[in-house]
Every structure is written in C-alpha cells, then in structure tokens.
Amino acid sequence: MGANTSQVSELSDNPSLKALVGKESISENDPFWNQLISFTFINCPTVVENNPRTGNFGALVRIFLGRTKELKISTECQDQLFIWQAHNALFMIRCLLKVFIREMSEEELHLQFSYQERAPGSCGETGSEDLLEELLSNLVHLIVEVPLLDITYSILFEAVTTLLVFFSYQLFHKEILRDGIIYQHIMNGRCLSLTSRLVKTLLYNFIRQEKCPPPATHIFEPKAEGGLLYGLASGVASGLWSVFTLGGAGSRAGADQEHNPLPLSNQSLLLLLVLANLTDGPDWPNPYRQAITCFRNTQDTSSLPVEQPHSFQINFNSLYTALCEQQRSDQATLLLYTLLHQNANMRTYMLSRTDMDNLVLPILEILYHVEDRNSHHVYMALIILLILTEDDAFNRSVHEVVLKNISWYTERSLTEISLGSLLILVVIRTIQFNMTRTRDKYLHTNCLAALANMSAQFRCLHQYAAQRIISLFALLSKKHNKVLEQATQSLRGRQADNTALPDYAQDLNVIEEVIRMMLEIINSCLCNSLHHNPNMVYALLYKRELFEQFRMHPSFQDIMQNLDTVIGFFSQRLEQAGSDLSVERVQEVIMKGAQALPNDRLKKFPELKFKYVEEDQPEDFFIPYVWSLVFNSGVGLHWSPHGIELFSMDSG
C-alpha cells in the first residue's frame, strides 16, 4: 500500500483508506488491517456517517488494543515493525477522534466506540464492554510502562497526543467543563491507580528533553523476501514522517519540527498541565493535582506520608535543571509557577539552591522582553518573582550574586551588577511599560509587591538601580500633577457643561496608591539598610526637590517624615564638607554619614510583606490559558479556529 501512494495528494484515492471509511464492514481477522496499519495517513470525513453501520472504528480500536498487550515484549525484542504498526493504528484512531470530538457530543462519541457490524435485516447492536474506557486505560498504561527508546518514541508521543485530543472537548465549550464521560474515566476509572506513575512519567519526559529521532530509527528497512508487510517503501514513509508524526502537511510540519525539536517533551508537559488543571469533583480532589502538589525528592529518605496517596519521588536536581533551561516557553513557566505555588517540597528545594541565578535570569528576560510576550506569560513570570520574594533568604542572597555583561539588557551596558539590582531594574522597567501601554492595575500591584518584599534587604544597590527607583517616582509625580490639573479644569468646566466627564478622582486615587507604595519601598530601604545603600541616598539627594510637594500631602505626611530626616541629615553634612564636591567626595560623605545617623532618628513602620494568593475559582483563568497553549504549541495538533469557544482567537 505504501509503495502505491507516494504523494499526499493521492491519499484520497487510496483504496485501503476508502475501505476504512466506507460502507462495508471489515472483519477484525481480515488481512486488510495488517495492510492498512503498514501505512500512516488517513482521510476520515465519511466515517462519521458510516461507522454506526460498519463498526469499523471500534474494530480499529480493538486491533490497536490487541497489539498494546505485546508492546513491552516487542520493545525488548526490538520488533520495530510491530511497534510501527501499533503506532500507525493509534495515529488513525487519533485522527478519527479529532473529527468525532469536533462534530459530536461525548455521549455520541461513546456510541461510536460501541457500534459493531450489523447483521442483514437487524437493527444493530452495541458491544457490552466499554471500549472508550479500555482505550483510555491502555493509553495510560502504554505511557507509564513502555520505555522511552528511539524505536518507541513515536508511539509514546502518539499516546500522549491522543490523550490530549480526548480532553479537547473543552476547546469547543465556553464554560469550564466539570464533568463528563472522559472526565469520570480519568478521575475515577481504572486510570486512577496509575495517577502518580503517569504524572511522574510525564515529568521525566519533560526532564529528559529527548529530541525526535531521525526517521531511520522508526522505519524498518525493506526485507529481501519482499511481501506487502516487509516491502513497505521506506522512502515514502520517511517522506511522510513529518506529516503524520508532527501532524501536518508541507511547510507547517517542517516548521513544527524546527520550532520544537522536542515534541514528546513538549506534549508531555502540555498533558501534565491539562491534567493538573482539571476541576475537582463534587466529592473528591483532582488526583493529578494532588500528585503534583506532594511529590518529593529522590534524596528524601523519609517514608511517604499515608495521607498523601498519590505521592512519589523524583530527582529534584534534574527537574530544576530542566526548568532553568526551558523558561522560554509559556508552558515551562506555568509548570514552574505551579510547582512553586503548590509543591512545598519543590519550593523549599529551589530556594535552597546556591545557583538561583540560573532560574531567575530567564524569568527576568521574559519580563524584559515584555513587548514580545503574551500578557499571560508576563503575568506568570511576575507571580514567580513575587512568590520567590516572599522568602527573606532569597531577598538577601540575590544581592550576593554578581553578574557580568548581561547581553540581553540593552538600555545600558551593565559590565557588573548584582542579581538583586538587575531584578529591581527589570521590575521597574515592567512598571514603566505598563504605565504607558497596558495600564493594568493588577500588574502594577504585583510588581510593587515584589519590590516591597525585597526592600528591607536591599544591599549595595547598583548606582543605576537606585537612579531608576527615583526616576520611577519622578514619572509617577509628573503623572500625578497632570491628572490633578485635569481634575481641577474639569471641575471648573462642569458649571457651564452638564456632559459626563472622565473619572479623574479614581485615576488620582490609583496614582496616589502607587506613589504611597513607592515611598514605603524607599522608606523601608532607608530604615533597614541605609548604611548598605549609599547609592540610594545619593539618588535621593540628587532629586530631593521631587519630594517637596508630597511633604504636607495628607496621604503621605507620615511616611515623608523619614525621607525628610534623611535628606536633611545628609544635606547638612554635605554643606559642612564644602562646595564643588566631586562625586567621589559626596559618596565618601554619605558613607561616613550613614554610620553616624542614629537608628532612633527614623520612625519605625510595619515591615512590608506581601503574599501571593490565588483568586477564587482560579480555573476560570488557568483552564483557558492552558488550552490556548495546547492550541498554539501542541505539536501536530492543528485545530481549525472555527468552532473554538473557550478563548478569543484574537488573543489565542
């Protein structure tokens, strides 16, 4: 069959494919099936119409299930032909499933599995076994039991991809799906006992980052004895490899492989995120989220807690390394967020690392290139920083890590800077971008919360970082004055004009909240680590006129007292040192003055501490986000935008 079909354009005329989707039933013992699954492409529109009469789809599923029982043995025996045929059968099942799911409800899909051949004159009957659950269970077994080798890569990829297709009903519903046949089988059926093994396997697939092997390792060579099964034209199959494995024709398939050379790693991560974000049942929590929440390090020798039924152990060092290397993708950043937020063991491990710069730098790069990233990716990166800054040890250690020549930071040449100062620079840049572009109050709040958490531990701030803190305050001050002027003018004009006016009072309140937070951050630094930050004092003195207008403002009077004290104290010492002082001399006066300023001169304020808390019903955000990643990043999963209901295609 393969030798007779050398062009994708000829597939629609292929007699074996026509027989599969046609009106005639084909016995499971017919040699046709061996012939069909020696090839790997399918055209399936008419099967929806004919399958209730023929039951060929169910027969194909049973053929595949029969072969999965021998997959482990075939792997041990290096039986590439058997594995390849099983892969081909599953590929065709996946293609048909995609059509069914787009065209029919879960109940109707369930029926497609149960149809069998009708005897002449009968009304037809359905099989007694639940073939859909059998297939789901076998796919999970296949993923966790078949070892990842060159010869099994394609079938493992196909099994993971088919499970993703099963869950894709969510794409075609605007509301979050909280139940259903597939949901019940995955949550409560035979798959439940494999929860921890499935999560562990998917994580290891992500960790291993195995590249897609070349086609030669998948396609068996034609044998001398000839015959249909052994005489498959390997050149044809190789030529179609990018079509059927990476799921598309022509340049798009090639682009998929070039863009993502790690299809199994990527697909496993997407499936893991889909499973982790399934909603809890009415009487049970999501077991896959439980597994992600409580897994532990392989080096942890204590016994597994009884109250954590889905717990397992995994190599934290390997997982940490993979997370550091893969942060350019949304899905890796979302996994990092999930682990930091939900798995206390992994969070503790990450925060104990002495090479946190390997993790933090990729996150800062995401934020630095905010113009090129989607808003969700930026938001996740920012929340990761906020979670990290909840830890005081992290806030101290980032100022001890010295970096050299950050190539992606192009605003200014930074030949040497601490990780803490770089973090401050990038967060401030994000705030300024948000002020001029998106104007997202939530983004502002989280940026400022991260800076506030760090402020008491600011150490040896880089001169440029200190300048940017004060420059941001200057920008806010300017914006405050502009809105205040607009509000005043609008009040004057209101007497002569009854038309609706912009709500300047609300704008003013928002800006004043941000200004208040910036003053608290500066104050926290001065109160807790003034003698460690001469550059902050220098920047404050250099722009001291900025703070004049807020001294008597009722919203800022209390916090301004400390800033006035510091500005007054150091201004006096500089006056005593003489006029025309060099920069070096000013810094010397500041450093000596910092040691001389009595601690009790500054009023104590409550420590600034902000903690990230997920909003109620987080699934309303995360489920559409995860499925937008599957839609845009799933290898070989090319859905038509038509009919997608879950998220706006403009933002997808």
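Residues numbered from 1 in each chain as written. Predicted model: local features only at pLDDT ≥ 70, side-chain atom pairs only at ≥ 80, totals over all residues. Heavy atoms only, no water.

Caption draft 1: Expanded view of helix H11 (residues 195-208). Taking 1.5 Å of rise per residue, the 14 residues of H11 would be expected to cover 20 Å, and the 20 Å separating its terminal C-alpha atoms lies within 8% of that figure. A large share of H11 lies buried, amounting to 10 of its 14 residues. (Helix = DSSP H or I, 4+ residues; strand = E, 2+ residues; numbered from the N terminus. Expected span 1.5 Å × (residues − 1). Buried < 20%, exposed > 50% of the residue type's maximum accessible area, 1.4 Å probe, protein only.)

Caption draft 2: Fine view of the environment of Leu597. Tracing the backbone through its elements, the reader meets Leu597 in the loop between helix H28 (583-596) and helix H29 (619-633). Residue Leu597 is classed as buried on the basis of its relative accessible area, which comes to 9%. Residues Leu597 and Val566, 31 residues apart in the sequence, show an inter-C-alpha distance of 8.6 Å. With residues up to four places along the chain from it excluded, the contact list for Leu597 reads Leu530, Phe569 and Leu602. (Contact = heavy atoms within 4.5 Å.)

Caption draft 3: Quick look at the side chain of Glu106. Within the secondary structure, Glu106 sits in helix H7 (residues 106-114). Of the side chains with opposite charge, Arg178 lies nearest to the buried Glu106, which makes no salt bridge, at 13 Å. (Lys, Arg positive; Asp, Glu negative; His and termini not counted. Salt bridge = Lys/Arg side-chain N within 4 Å of Asp/Glu carboxyl O.)

Caption draft 4: Spotlight on empty space enclosed by the protein. This model, assessed by the stated rule, comprises three cavities of 30 Å³ or more. Estimated volume of the largest cavity: approximately 220 Å³. Together, 16 residues line the largest cavity, and Phe167, Gln170, Leu177, Tyr183 and Leu278 are the ones closest to its centre. Broken down by secondary-structure element, the contributors of at least two residues to the lining of the largest cavity are helix H9 (153-167), helix H10 (181-188) and H29. Considering every element that reaches the lining of the largest cavity, the biggest residue donor is H29, with three residues. By residue class, the composition of the lining of the largest cavity is 11 nonpolar, three polar and two charged. (1 Å grid on protein atoms, 1.4 Å probe; cavity = no way out; pocket = protein on both sides within 12 Å on 5 of 7 lines; lining within 4 Å. Points joined across faces, edges and corners; volume = space filled by probe spheres on them. Nonpolar A, V, L, I, M, F, W, Y, C, P; charged D, E, K, R; others polar.)

Caption draft 5: Summary view of the pattern of salt bridges. Under the defined criterion, the tally for this structure stands at 19 salt bridges. Where Glu210 meets Arg208, a salt bridge forms, and the shortest distance between an N and an O atom there is 3.3 Å. According to the relative accessible area criterion, Glu210 is partly exposed, its value standing at 31%. Between Arg516 and Asp558 there is a salt bridge whose closest N-O contact spans 2.7 Å.

Caption draft 6: Representation of the packing of aromatic side chains in the model. Under the counting rule described, the total for this entry stands at 22 aromatic pairs. Seen in terms of ring centroids, Tyr337 and Phe622 are 5.4 Å apart; in terms of plane orientation they differ by 15°. Their pairing is stacked. Of this pair, Tyr337 sits in helix H17 (residues 330-342) while Phe622 sits in helix H29; the two residues are 285 residues apart in sequence, bridging distant segments of the chain. The pair formed by Tyr337 and Phe622 is uniform in burial state, with each residue classed as buried. Site record: aromatic cluster; members linked through ring pairs are Tyr337, Tyr379, Tyr442, Tyr612, Phe621, Phe622 and Tyr625. (Phe/Tyr/Trp six-rings, centres within 6.5 Å; stacked < 30°, edge-to-face > 60°.)

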